[in-house]
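Working through the structure, step by step
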Amino acid sequence: MGPWGYVSLAYGIVWGVIVVYWFVLKRRYRAAETELNRLRSSEAAGSHDKD
Amino acid sequence: MRHLAQSSNAVKKRKGILGGLALVAVATALCWSLLVAPPDAYQGEVQRIMYLHLPSILIAYLSYFLVFIGSGMYLWKREKKDDLLAHAAAELGVLFTVLTIIEGSIWGKPTWGVWWTWDARLTLMAILLLIYAGYLMLRSAIDDEQRAASAAAILGIIGFLDIPLIHMSVYWWRTLHQPPSILRPDKAPWENVHPAMLTALAISFAAFLLLYFYLLSLRYRVGEMRQEIKALRLEREV
Amino acid sequence: MTLVKQAYLLLCKDLLLELRRRDSLLTMFFFGTLLLFVFHFAFDMPPDKVAELAPALLWLAFLFTGTLGLAQLFQAERDNHCLDGLLLSPLDRGALFLAKTGFNLMLMLAVEVVVIPLFWILFNLSGWNLLPQLFLVTLLGTVGFCVLGTITAAITLRARARELLLPLVLFPLMIPVILATIRCMEMVLKTGSFGDATPWLRLLLGFDVIFLTIGVLIFDWVIES
């Protein structure tokens, strides 16, 4: 493997891993946000019922 | 209605800007590292891996420092936000340590002929990886949230304080058992460095830092939201 | 009551319990000896090669034996829920740390005092006059192990898979001690004195002092978890 081969391997793996991690993080973020909004709105609905 | 910290639109916008800046910086860094900067006199093109490796090392250490600060503050003030910071920083720290090791290994193959040598830097990174992977495992192994946070905080402090001692012992160990080598690539003369290489390095550092803080803010927010979800779920059960 | 006095009383309690039942001590002793046997079969080498490896093998044996002892360290308190009682009393937590560390130290020293000469005999090593220096190194190394070990045992107390997690967390932190102890022993065996290995000795001493102090200061927070 020539020198550029090693360079592309390194850059490829590093940025690949970072992009994948970013995707996973984004997905967790959105899932948490959705769940949070769901809980908050149902809590608001619940407290309105009590009024 | 009471909520824990709310991610207002202003905060979200700031995160977006940070993300955008990080993207621009990373793109610039890639251009400079791969195209603008000239190849090294001794190491050739392979030296370009250093534009990844050196910033990664910095980020890893920065992360562990943040774990230390977060852990200390948590034990002192018992505020959840410090624990969230420590956890997020630990996760990112492990990520960048793994990357550092991979980069170091790939750089080592054409330079020293082997994928792994027990040289001081790589060994040190491997040990740090073990410590902070242990931190993450400890957290997930304790069911009670508060206890997990406290236990992890202790480890976060002890681990960080141990780092200088580990540094010393590993470096002494390696200088006593120095493998014979005609060329010492990691001691390349930095005096005759082309200015474009220094610029590439500086841009890479900036890019990694911006990227790191962007990812950290995302991860922190995820932790924060999970906290609030747990609290809300608990409230409903009551 | 001063810190040291409290620690002393707690230590005596643990020692009394141990003297009565002797399970930890005997288990550790037999395990250490067993490891020596296994190493001897595993490393089937000429005697001079063995002498080179001796410090490393010895320390590995103590490391694993010590881990066994650590697993038992808070066992009595866990079984009888004494930990809550201890926490409710106006005891300085630092004293508890010193007592537990001291107890583990004494167990390990008791094992080492027997196992080291045994090792010498089983592996046909020479140089009995070097034993005092070797004991010094062993002592410093064992203190380092016990200090970090006690803290680690306390924080992994409530974790699932505790027995696996404890060495996993402890061993990387122990690396300076492992390196320093083995290098010192090698130097002593080779040249008869510490010589070039003196920096390692100082590192060991520094390690012990630093983490002993830290342990006393932060054990409040450790035992809450």
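Keep in mind the model is a prediction, meaning the values are calculated, not measured. (Residues numbered from 1 in each chain as written. Chains lettered and ligands numbered in written order. Predicted model: local features only at pLDDT ≥ 70, side-chain atom pairs only at ≥ 80, totals over all residues.)

**What to know about the overall build of chain B**
How we decide: Helix and strand assignments come from DSSP, with helices taken as H or I runs of at least 4 residues and strands as E runs of at least 2, each series counted from the N terminus. The exposure label follows from counting other C-beta atoms within 10 Å of a residue's C-beta, where the C-beta atoms are placed from the backbone and the thresholds are 20 or more for buried and 12 or fewer for exposed, leaving partly exposed in between.
Helix and strand content of chain B: six helices and zero strands. Along chain B, from the amino end to the carboxyl end, the secondary structure elements read α-α-α-α-α-α. In chain B, which comprises 238 residues, the share counted as buried stands at 43%.

**Looking at the overall build of chain C**
Quick reminder of the rule: Each radius of gyration reported is based on C-alpha atoms, and the globular scaling rule is 2.2 Å times the count of residues to the power 0.38. Two residues qualify as a contact pair if the distance between their C-beta atoms, derived from the backbone, is within 7 Å.
Each helix and strand in chain C was counted, giving nine helices and zero strands. Counting from the amino terminus, chain C carries its helices and strands in the arrangement α-α-α-α-α-α-α-α-α. On C-alpha atoms alone, chain C measures out to a radius of gyration of 18 Å, which is about the 17 Å that the 2.2 N^0.38 rule sets for 225 residues. Its C-alpha atoms give chain C principal-axis dimensions of about 55 × 35 × 30 Å. With 225 residues in all, chain C has 43% of them scored as buried. Intrachain contacts of chain C at a sequence separation of at least 6 include 81% that bridge at least 24 residues.

**Quick look at the interface of chain B and chain A**
Note the following rule: When residues are grouped by polarity, Ala, Val, Leu, Ile, Met, Phe, Trp, Tyr, Cys and Pro land in nonpolar, Asp, Glu, Lys and Arg in charged, and all others, Gly among them, in polar.
With 25 residues of chain B at the interface, the matching set in chain A holds 23 residues. Counting only elements with at least two residues in the side of chain B that touches chain A, the list comes to helix 3 (80-112) and helix 6 (195-237) of chain B. The biggest single contributor to the side of chain B that touches chain A is helix 6 of chain B, with 10 residues. Classifying every residue of the side of chain B that touches chain A by side-chain character gives 16 nonpolar, one polar and eight charged.

**With respect to unusual backbone geometry**
With phi around 55°, R78 of chain B is a residue other than glycine that occupies positive phi space. Looking at the secondary structure, you find R78 of chain B in the loop between helix 2 (50-77) and helix 3. Of the residues examined, R78 of chain B has 14 C-beta atoms within 10 Å and is grouped as partly exposed. Of note in the backbone geometry, A161 of chain C takes a positive phi value of approximately 55° without being a glycine.

**What about the packing of helix 2 (residues 23-42) of chain C against helix 6 (residues 93-122) of chain C?**
Residues and elements named next belong to chain C. Condition: Note on definitions: angles span 0 to 180 degrees between N-to-C directions of axes, and those axes are lines fitted to C-alpha atoms, for helices only across the stretch in contact. Any angle from 65 to 115 degrees is called roughly perpendicular, while one under 35 is roughly parallel, one over 145 is roughly antiparallel, and all others are oblique. It is the rotation of the near helix from the far one that decides the hand of a crossing: anticlockwise by less than a right angle makes it left-handed, clockwise makes it right-handed.
Where helix 2 meets helix 6, the closest approach of the two axes is 10 Å, and the angle between their N-to-C directions is 25°. Regarding the angle of helix 2 to helix 6, the classification is roughly parallel. Note on packing geometry: the crossing formed by helix 2 with helix 6 is right-handed. On the side of helix 2, the interface is formed by S24, L25, M28, F29, G32, T33, L36 and H40, while helix 6 contributes L107, A110, V111, V114, V115, L118, F119 and L122. When grouped by side-chain class, the residues that make up the contact of helix 2 with helix 6 number 12 nonpolar, four polar and no charged.

**Let's talk about the environment of G215 of chain C**
Residues and elements named next belong to chain C. Looking at where G215 falls in the secondary structure, it is placed in helix 9 (residues 198-224). Here G215 falls in the buried class, since 23 other C-beta atoms lie within 10 Å of it. As a C-alpha pair, G215 and V4 span 211 residues in sequence and 14 Å in three-dimensional space. Contact partners of G215, with chain neighbours within four places excluded, come to F97, T101, V147, T150 and I151.

**Structural notes on the interface of chain C and chain B**
Accessible area lost upon the coming together of the parts is a frequently used measure of interface size. On the chain B side, the residues contacting the 25 residues of chain C number 25 residues. Of all the elements in the fold, those that place two or more residues in the side of chain C that touches chain B are helix 7 (131-155), helix 8 (162-191) and helix 9 of chain C. Ranked by residue count, the leading element in the side of chain C that touches chain B is helix 8 of chain C, at nine residues. Grouping the amino acids of the side of chain C that touches chain B by side-chain chemistry returns 20 nonpolar, two polar and three charged.

**Section: the environment of L30 of chain B**
Turning to its location among the elements, L30 of chain B is positioned in helix 1 (residues 9-36). You can call L30 of chain B partly exposed: it has 18 C-beta atoms within 10 Å.

**What about helix 4 (residues 120-141) of chain B?**
The following threshold applies: Take the number of residues in a helix, subtract one, and multiply by 1.5 Å to get its expected span.
Between its first and last C-alpha atoms helix 4 of chain B spans 31 Å; for 22 residues at 1.5 Å apiece the expected length is 32 Å, and the two agree. Every buried residue of helix 4 of chain B is listed here: L124, M125, I127, L128, I131, Y132, G134, Y135, L138 and R139 of chain B.

**Thoughts on the confidence of the model for chain B**
Residue and element names in this part refer to chain B. Convention followed: Per-residue confidence from the predictor is given as pLDDT, running between 0 and 100.
With 89% of its residues at a pLDDT of at least 70, chain B reaches an overall mean of 86. Taken as a whole, residues 1-5 scores under 50 in pLDDT and shows seven contacts with residues more than four places along the chain or in a different chain. Here residues 178-185 is modelled with pLDDT under 50, and outside its nearest four sequence neighbours on either side it reaches three contacts, counting other chains as well.

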